[in-house]
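Report on the structure
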Amino acid sequence: MQIKKIAFGDSQEAFIESRLTGGVNVIYSDDNNRGKTLVMQGLMFSLGYESIFPSSFHYKDKYFYSEIEVNGESYEFLRKKNTVALKTDGAMQIFNSVGELRYFLDKFVFRIPKVQKDNRATLVDLSLLYELFFIGQDSRNPSGLISKGQFNKQDFKNMVHALAGLSTSTANLSDIQATKNKIAELKIKLKETKKKISIIKQNPNVAEVFSKTFDSNKVQEKIKSISGINEKLSKVRRSRQREINRKSKLEQLVSELKSLNRDLSEGNVQCGDCGSDKIVYSNTDLTFEVSNIDVRNGILNSIYENITQKVELINDLTREINFLQDQLNDEMEEAPPSFQQIILYSEQVVSEKNYDNDSFSLSREIESLQDQLASSIEIDDALKTDKKTFDLNLLNDMSSIYKSIDPNGNLTFEDIFTKRDSTFSGSEGQEFYFCKLIALSRALNHDFPLIVDSFRDGELSTNKEESMLNIYSKLSRQVILTSTLKDEEYNSDKYKNKNEINAIDYSLHSDCKILDKQNREGFIDLISNFNGIVL
Amino acid sequence: MYTFKNTEINNKKASDFETKSMLYLLGMRSDSAEIEIITVDCFNDVTGSNLDFSKLWDVQSKNHSSLPPSKIGESLSTLYDNYISSISFSEYILFIPKLTRDYLIDSDLNVYGYSNINLKQKKGIEKKLKEKINGNNLGSVPPLFVDFLSKVTFVEDNKKISTYIKKISKFKNKRAITEEIYERIFNEIRNAQASLKNTYIENESIVKPSEVLKFERHITKSEINTLLINRLIGIDVFSFPGIPIAFFSVIEGKDEEEIKDLLQECNENLSRAFFDKNGCREFWKLSEKIIELLKDNPKNKMTEIYEVLISKIKIRTPYLTEHTVKYMISLVKTGLENAD
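One structure accompanies this document, and this report is about it. Note that the coordinates shown come from a computational prediction; the quantities given were computed from them, not determined experimentally.

1. Here's the deal with the overall build of chain A
Counting its regular elements, chain A contains 15 helices and 13 strands. Residue burial in chain A is summarised as follows: out of 535 residues, 49% are buried. Sequence-distant contacts in chain A: of pairs separated by 6 or more residues, those separated by 24 or more amount to 72%. Working note: accessible area of chain A is about 27,000 Å², and carbon and sulfur atoms make up 46% of it.

2. A short note on the overall build of chain B
Summing up its helical and strand segments, chain B has 13 helices and eight strands in all. Looking at chain B as a whole, 53% of its 340 residues are labelled buried. Within chain B, counting contacts between residues at least 6 apart in sequence, those at least 24 apart form 68% of the total. For chain B, the accessible surface area stands at approximately 16,000 Å², while carbon and sulfur atoms represent 49% of it.

3. Overview of the interface of chain A and chain B
The interface is formed by 51 residues belonging to chain A together with 49 residues belonging to chain B. Interface area, chain A with chain B, both sides summed: about 4,700 Å², of which 56% is carbon and sulfur. Joining chain A to chain B, the criterion identifies eight salt bridges. Its salt-bridge partner being B:Arg184, residue A:Asp294 comes within 2.7 Å of it at the nearest N-O pair. Counting every contact that joins chain A to chain B gives 12 residue pairs in polar contact (both at pLDDT 80 or more). Secondary-structure elements contributing two or more residues to the side of chain A that touches chain B are strand E6 (83–88), strand E7 (91–95), helix H2 (98–109), helix H7 (217–260) and helix H8 (293–334) of chain A.

4. Section: the side chain of B:Arg217
Inspection of the secondary structure assignment puts B:Arg217 in the loop between helix H7 (179–195) and strand E7 (218–220). Apart from residues no more than four positions distant in its own chain, B:Arg217 is found in contact with B:Ile38, B:Thr39, B:Val40, B:Asp41, B:Cys42, B:Leu196, B:Lys197, B:Thr199, B:Tyr200 and B:Ile201.

5. Regarding the packing of H8(A) against helix H8 (residues 221–236) of chain B
Orientation of H8(A) relative to H8(B), taken along the N-to-C sense of each, is 15°, at an axis distance of 7 Å. On the basis of their axis angle, the class for H8(A) and H8(B) is roughly parallel. In the packing of H8(A) onto H8(B), the handedness of the crossing is left-handed. Contacts from A:Asp294, A:Val295 and A:Ile299 in H8(A) reach B:Arg231, B:Gly234 and B:Ile235 in H8(B).

6. Observations regarding the sheet that holds strand E5 (residues 73–80) of chain A
Pairing in this open sheet of seven strands is antiparallel, and the strands run E2(A)-E1(A)-E4(A)-E5(A)-E6(A)-E7(A)-E8(B) from one edge to the other. Strand pairing shows two members of the sheet lacking a second neighbour, strand E2 (14–17) of chain A together with strand E8 (243–244) of chain B, which therefore form its edges. Note that strand E4 (residues 63–70) of chain A and E5(A) share seven bridges and pair antiparallel. Each bridged residue has a counterpart across the sheet, and for A:Tyr65 the counterpart in E5(A) is A:Leu78. In the packing of H2(A) onto the sheet, the strands contacted are E4, E5, E6 and E7 of chain A, and the crossing angle to E6(A) comes to about 20°.

7. As for the pairing of E5(A)
All names here are of chain A. For E5, the buried fraction is high: six of the eight residues fall into the buried class. Joining the antiparallel neighbours E4 and E5 is a turn of two residues, in which Asn71 adopts a positive phi near 50°. For E5 and E6, the ladder comprises five bridges, and the chain directions are antiparallel. Its bridge partner lying in E6, Leu78 is registered against Ala85. Linking E5 back to E6 in an antiparallel pair, the connection comprises two residues, with Lys81 at a positive phi of about 50°.

8. Focus on the side chain of B:Lys289
For B:Lys289, the location among the structural elements is in helix H11 (residues 280–296). Non-local contacts of B:Lys289, meaning those with residues more than four positions away in its chain, are made with B:Leu309, B:Lys312 and B:Ile313.

9. A closer look at the packing of aromatic side chains
All names here are of chain A. Under the counting rule described, the total for this entry stands at 37 aromatic pairs over all chains. Judged by centre distance (5.5 Å) and plane angle (70°), the ring pair of Phe15 and Tyr506 falls under edge-to-face. One end of the pair, Phe15, is in strand E2; the other, Tyr506, is in the loop between strand E13 (501–505) and helix H15 (520–528), and 491 residues separate them in sequence. Taking 5.6 Å as the distance between ring centres and 75° as the angle between the ring planes, the aromatic pair formed by Phe156 and Phe417 counts as edge-to-face. In this pair, Phe156 sits in helix H4 (residues 153–163) while Phe417 sits in the loop between helix H11 (381–405) and helix H12 (428–444), placing the two residues 261 residues apart along the sequence. Both residues of the pair, Phe156 and Phe417, belong to the buried class. What links up through ring pairs into an aromatic cluster is the set Phe8, Phe15, Phe45, Phe53, Phe57, Tyr59, Phe64 and Tyr506. Cation over ring: Arg102 sits above Tyr103, and NZ or CZ is 5.0 Å from the ring centre.

10. Details of unusual backbone geometry
All names here are of chain A. Not every positive phi belongs to a glycine, and Asn71 is a case in point at roughly 50°. Tracing the backbone shows Asn71 in the loop between E4 and E5. We note that Asp493 has phi near 50°; this positive angle belongs to a residue other than glycine. By the secondary structure assignment, Asp493 is in the loop between helix H14 (487–491) and E13.

11. Structural notes on the sheet that holds strand E4 (residues 91–96) of chain B
All names here are of chain B. Taken in spatial order, the seven strands line up as E5-E6-E4-E3-E2-E1-E7 in an open sheet, and their pairing is mixed. Here the strands that pair on one side only, and so sit at the sheet edges, are strand E5 (111–113) and E7. Averaged over all neighbouring strand pairs, the angle between strand axes comes to 25°, with direction disregarded. Examined bridge by bridge, E5 and strand E6 (residues 152–156) share three bridges and lie antiparallel to one another.

12. Let's talk about H4(A)
Residues and elements named next belong to chain A. Here H4 has its buried residues at Asp155, Phe156, Asn158, Met159, Val160, His161 and Ala162. The N-capping residue of H4, defined by a side-chain oxygen 3.1 Å from the backbone nitrogen of Gln154, is Asn152. Looking at the residues trailing H4, positive phi occurs at Gly165, about 80°.

13. Re the environment of B:Asn191
Secondary-structure assignment places B:Asn191 in helix H7. Reaching out from B:Asn191, the side chain makes a polar contact with the side chain of B:Arg190 at a distance of 3.3 Å.

14. Remarks on the pattern of salt bridges
For the structure on display, the rule yields 43 salt bridges over all chains. Among the ionic pairs, A:Lys107 bridges to A:Glu305, the shortest N-O distance being 3.1 Å. Linking A:Lys107 in helix H2 with A:Glu305 in helix H8, this pair joins segments that are 198 residues apart in sequence. Each of A:Glu100, A:Arg242, A:Glu243, A:Arg246, A:Lys310, B:Glu257, B:Lys260 and B:Asp261 takes part in one network of salt bridges that share partners.

15. A word on a positive patch on the surface
Positive charge collects at one region of the surface, where B:Lys159, B:Lys167, B:Lys170 and B:Lys295 lie side by side. Along the chain, B:Lys167 turns up in helix H6 (residues 161–169).

16. Comments concerning the pairing of strand E8 (residues 114–117) of chain A
Residue and element names in this part refer to chain A. The alternating pattern of E8 places Val115 and Lys117 on a buried face and Lys114 and Gln116 on a face that is not buried. As judged from the four bridges shared by E8 and strand E9 (residues 120–123), these two strands associate in the antiparallel manner. The residue bridging Lys114 from the neighbouring strand is Leu123, located in E9.

So, how was this worked out
Residues numbered from 1 in each chain as written. Chains lettered and ligands numbered in written order. Predicted model: local features only at pLDDT ≥ 70, side-chain atom pairs only at ≥ 80, totals over all residues. Heavy atoms only, no water. Helix = DSSP H or I, 4+ residues; strand = E, 2+ residues; numbered from the N terminus. Buried < 20%, exposed > 50% of the residue type's maximum accessible area, 1.4 Å probe, protein only. Contact = heavy atoms within 4.5 Å. Areas by Shrake-Rupley, 256 points an atom, 1.4 Å probe, with all protein chains shown as cover. Buried area = accessible area lost by both parts, 1.4 Å probe. Salt bridge = Lys/Arg side-chain N within 4 Å of Asp/Glu carboxyl O. Polar contact = N/O pair within 3.5 Å; in protein donor to acceptor, adjacent residues only side chain to side chain. Axes fitted to C-alpha atoms, helices over the stretch in contact; angles between N-to-C directions. Parallel < 35°, antiparallel > 145°, perpendicular 65-115°, else oblique. Left-handed = near helix turned anticlockwise from the far one by under 90°. Pairing = 2+ DSSP bridges. Phe/Tyr/Trp six-rings, centres within 6.5 Å; stacked < 30°, edge-to-face > 60°. Lys NZ or Arg CZ within 6 Å of the ring centre and 35° of its normal. Patch = residues over 30% accessible without salt bridge, like charges linked within 9 Å, V, L, I, M, F, W, Y side chains within 5 Å. Lys, Arg positive; Asp, Glu negative; His and termini not counted. Charge placed at Lys NZ, Arg CZ, Asp CG, Glu CD.

Here is the structure:
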């Protein structure tokens, strides 16, 4: 994968970076606030990374564009808030969430690994995947992940193993009985919960309680704050319902297709002379059948794939619903008791709450346990050993990289994350990230470029920087670094003098103002490629 | 012990080769664009022609594991018969596997004239050809013998089956198509070609070449094209990555959920079309017309193509809705545009 172009802005002002090459690129300036970090953050955001913009930058009003090349095919991304459009040669797709984008990327652009999450194999989110090759400027912490999503550092390690072809095996055989018991227990609980819901629904006092307290100011305010969450909730629930409908339509389609293509089996025609059942209806205008086995199997397989993807999407949406419901519950708990009743009845939250919060999570738990049961395999000892060997090789490689840039250094690596209490001084943290990034790229031989914002963080010495740049340029893959130079370094054309580096100078951008009216036209041109779609 | 001989395998090899020579005529030649109709086993194994039969490409194909000069000479005889017949052909082509390289003067060539063959082999070829023409060993030179030899083109088969198919389709899928899929399409063409030979035309005669059409032993380029594009589109149903650009005018103004529903509906309907054994005739006609319109008017918008299409064809199949047909046009349009 290679980054070709980065751009962001709106209809008034914009910035476009198209000078990147496939080798080592260093974006530098003689001072801070020249927009280097915004460009890096904008690039990653356009590709589906979480927003890491400074609060002073109003990213929600802006469009973020990037063009990448994967296996010779070019892909253009355009993102605003959480909606992403992806354009390829002759086709375009719009995703209303980054979560949805990742299924598409996995299927058509680059592989996204699955890890076990809540007992089911789940595609990792893009922020976690991108941490393989992207180091942002802020929130660095060698003992954990930089981006804090729903995935944790164990997931990161599992992802690395999955990418290395060492996938985690699921439940142990001895756990199967325990899982079965648990399922039975949960099923009884589910039944009870559903019974409760119907009792609450029939409560005869609703109207009375409602009229007494509804007018109080406090209640009105609370209603306002909750209605926002509720609105979102019902939107997500609608989306989920539509996905469920689509899924069942696909399931019906499969059986319909099978019957459409059936040959009549009630008796058949035979040639009276030779007994052959190959009776050809000859006509002059149709030489070929309308489809062949490849086409029919291809269609059926794609439908099955679509169904599987819908199941995952429905799970994603359910997770989102549960999250919103937790939020709603928190709000409710802080409210006065009478209010709770109001809300319960006026917004039907009680049935929502109980249904979704208990019965839904119960049925999900049952479902995932059943999944786990179905796919449980014996723990593979060989796999464990393989993983250990892989980890050991990775750490060894990190150490040797470290020795090559800092022969007298004292760091030792025991894990790809450091211990929580270990402190790094000066540039050590940066060196750690460097070794990890290079070692991971070698071990996994992944296709992504390496992107490090502010790669000299922590006053990296000139010698170490030289060695790092050397290693980067020998990787024969795209590398994008940013760096702020001191005056004397800037005046001596530090990077410009190096042949193997594509030096891109940002010093001339005015302070804190990278977006420019001059680039407006060019940017609107880029966006107009998306057929006037306004996200 | 009893060993089966002369079974289908030999026939299969021969007809594979005839199909290749047909695909060679339709896609591999610089003048392939002119060739619109292929007649099978009439004038020769395979004969190409333009629409009004004013230009004919005559092909004899010979798939033999070894082709010594005598075999080559023998194979040339049907081409010679056509050369001295009342019909004039513009090309005389012998389609063969790679010859032993020693036979050739410039051994790098895969398409060459008689002049590229060494003198020693020429002698063998001419001896056998004369024998075949004269019906005996007498040495007299048949009429126009030298003339004929200077007109023959030798074409060696040195390509994979998928290459032959790809060259004629001018259609690009977004997804990779495996060699097996191409092979099965090839087999479909081969079977169609072979089935044309099931009629009996021995001793029938014609005056003008175009009269050959009455024997129904021909296959058109448009049929082959429709077959290919139809198969490739079929494989894209439910798996085309994204929305074809040409389809955007339809989804404009709709929200994301509506777009998703619409796309699923179009894909559902297309899959019905590909599975429905009863509605196949209409769907086939529709595909043929869409391809023809798009090839003739590549610059036209999808909606313009649609308007012309429904003015020419009445669509009765219930699931071929307006949206579905427009989606189909968009898919074909995308594939044809990407081909260059």
